[in-house]
Amino acid sequence: MKTILRMGLLLSLFISLHTPTHALEVKEVYTVDDWLTIEVGDHVLLMNDLDFDDVDYMPIPLFSGSLDGQKYTIKNVTINLSEESLEPNVGLFGQLSGASIRNLNVDRLTIDAPIEMVSVGSIAGRALNSTLENIAISNAELNSGFNAGGLIGTIEPLDPWAEVLEPNEVQINQTSFNGTIKGGFQVGGLIGSVNRST
């Protein structure tokens, strides 16, 4: 009886030591309405194709969580930025910071932001210390008055002119872009501008 009790206590101790104190809470996104509730630190699992036709879309300003698109497609997103807008970074997300985006398709994305100092990219206008992999962008039309890239508009530290820079490393793997890009300053097929970053 003592041996069985001791084994039970050891098993309970092992389970408690090997169970995360904060289990990862996943946000499953089934609809456009679900997508529009994504918050900065969410861990998102896309569960369906999403059609944003007739949706007045504005970028999620900041994202530092994770998104696994599971190879589903986001389509028919249109973003029209007016001169009065205060958005400095434009894409599905405004800025990525410590984020992970993977396994996502985007089809028929249109961004019109012909404004000075506004960075445009299909996924995000700006990225810091983030990872993007297995992403395919097709039939996109991007227009920026500043930096524009098929995936990311600008990769640079928060303060690129600081004497001591915070590290900024953005990893991009197995991504593709098909579409047109116009920019008023720096333009690239995947990245518009890389400044003091890797």
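Remember, predicted model here, so these are calculated numbers, not experimental data.

**Student:** Break down the overall build of the protein for me, citing the residues and quoting the values.
**Tutor:** Helix and strand content of the protein: two helices and 16 strands. Long-range pairs, those at least 24 residues apart, make up 74% of the contacts in the protein between residues at least 6 apart in sequence. With an accessible surface of roughly 10,900 Å², the protein has 53% of that area assigned to carbon and sulfur atoms.

**Student:** Help me get a handle on the environment of Ile 155, residues and values and all.
**Tutor:** Position of Ile 155 relative to the elements: it lies in strand E13 (residues 152-155). C-alpha separation for the pair Ile 155 and Arg 196, spaced 41 residues apart in sequence, amounts to 8.3 Å.

**Student:** I'd like a description of the side chain of Ser 119, backed by residues and values.
**Tutor:** Mapping Ser 119 onto the fold places it in strand E9 (residues 119-121). Dropping the residues within four chain positions of it, Ser 119 is found in contact with Pro 88, Asn 89, Val 90, Gly 125, Ser 144, Phe 146, Asn 147, Gly 153 and Thr 154.

**Student:** Can you tell me about the pairing of E13, naming the residues and giving the values?
**Tutor:** Looking at chain direction, strand E10 (residues 124-128) and E13 are connected through three bridges and run parallel. Its bridge partner lying in E13, Ala 124 is registered against Ile 152. With three bridges joining them, E13 and strand E16 (residues 191-194) adopt parallel strand pairing. Bridge pairing in E16 links Ile 155 to Val 194.

**Student:** Kindly report on the pattern of salt bridges, identifying the contributing residues and their values.
**Tutor:** Using the criterion set out here, one finds three salt bridges in the structure. Of the charged contacts, one joins Arg 108 and Asp 107 as a salt bridge, the two residues approaching to 2.8 Å between their closest N and O atoms. The buried category is assigned to Asp 107, whose relative accessible area is 15%. Residue Arg 126 is joined to Glu 156 by a salt bridge in which the shortest nitrogen-to-oxygen separation is 3.7 Å. Of this pair, Arg 126 sits in strand E10 while Glu 156 sits in the loop between E13 and strand E14 (171-182), and the two are 30 residues apart along the sequence. Exposure class is identical for Arg 126 and Glu 156. Each is buried.

**Student:** Account for the sheet that holds E10, with residues named and values stated.
**Tutor:** Here five strands make up an open sheet; going across it, the order is E4-E7-E10-E13-E16 and the pairing parallel. Every other strand in the sheet has two partners, leaving strand E4 (60-63) and E16 as the edge strands with one partner each. The average angle at which neighbouring strand axes cross in this sheet is 15 degrees, direction not considered.

**Student:** Residues and numbers for the confidence of the model for the protein, please.
**Tutor:** Taken residue by residue, the protein gives an average pLDDT of 86. The fraction at 70 or more is 83%. The low-confidence segment residues 1-22 (pLDDT under 50) makes zero contacts with residues lying over four places distant or belonging to another chain.

**Student:** I'd like a description of the packing of aromatic side chains, backed by residues and values.
**Tutor:** What characterises a pair of aromatic rings is the spacing of the ring centres plus the angle enclosed by the ring planes. Counting across every chain of the model gives five aromatic pairs. Taking 4.7 Å as the distance between ring centres and 25 degrees as the angle between the ring planes, the aromatic pair formed by Phe 63 and Phe 93 counts as stacked. Separated by 30 residues along the polypeptide, Phe 63 in strand E4 and Phe 93 in strand E7 (residues 93-97) bring together distant segments of the chain. Owing to a relative accessible area of 0%, Phe 63 belongs among the buried residues under this scheme. The exposure class of Phe 93 is buried, given its relative accessible area of 1%. Residues Phe 146 and Phe 185 carry aromatic rings whose centres are separated by 5.5 Å and whose planes lie at 5 degrees to one another, so their mutual orientation is stacked. With Phe 146 in the loop between strand E11 (131-144) and strand E12 (148-149) and Phe 185 in the loop between E14 and strand E15 (187-188), this pair connects stretches of sequence that are 39 residues apart. What makes Phe 185 exposed here is its relative accessible area of 56%. Among the aromatic side chains, those forming a connected cluster through ring pairs are Trp 35, Phe 52, Tyr 57, Phe 63 and Phe 93.

**Student:** Go over the sheet that holds E9 with me, naming the residues and quoting the values.
**Tutor:** Strand order across the open sheet formed by four strands is E6-E9-E12-E15, with parallel pairing between neighbours. Both edges of this open sheet fall to strand E6 (89-90) and E15, since each of them pairs with a single strand only.

**Student:** Explain unusual backbone geometry to me, and be specific about the residues and the numbers.
**Tutor:** A positive phi angle, near 65 degrees, is found at Met 117, a position not held by glycine. Given a relative accessible area of 56%, Met 117 falls into the exposed group. Backbone geometry at Asn 134 places phi at a positive 55 degrees, although glycine is not the residue there. Tracing the chain through its elements places Asn 134 in strand E11.

The rules behind each value
Residues numbered from 1 in each chain as written. Predicted model: local features only at pLDDT ≥ 70, side-chain atom pairs only at ≥ 80, totals over all residues. Heavy atoms only, no water. Helix = DSSP H or I, 4+ residues; strand = E, 2+ residues; numbered from the N terminus. Contact = heavy atoms within 4.5 Å. Areas by Shrake-Rupley, 256 points an atom, 1.4 Å probe, with all protein chains shown as cover. Pairing = 2+ DSSP bridges. Salt bridge = Lys/Arg side-chain N within 4 Å of Asp/Glu carboxyl O. Buried < 20%, exposed > 50% of the residue type's maximum accessible area, 1.4 Å probe, protein only. Axes fitted to C-alpha atoms, helices over the stretch in contact; angles between N-to-C directions. pLDDT = per-residue confidence, 0-100. Phe/Tyr/Trp six-rings, centres within 6.5 Å; stacked < 30°, edge-to-face > 60°.

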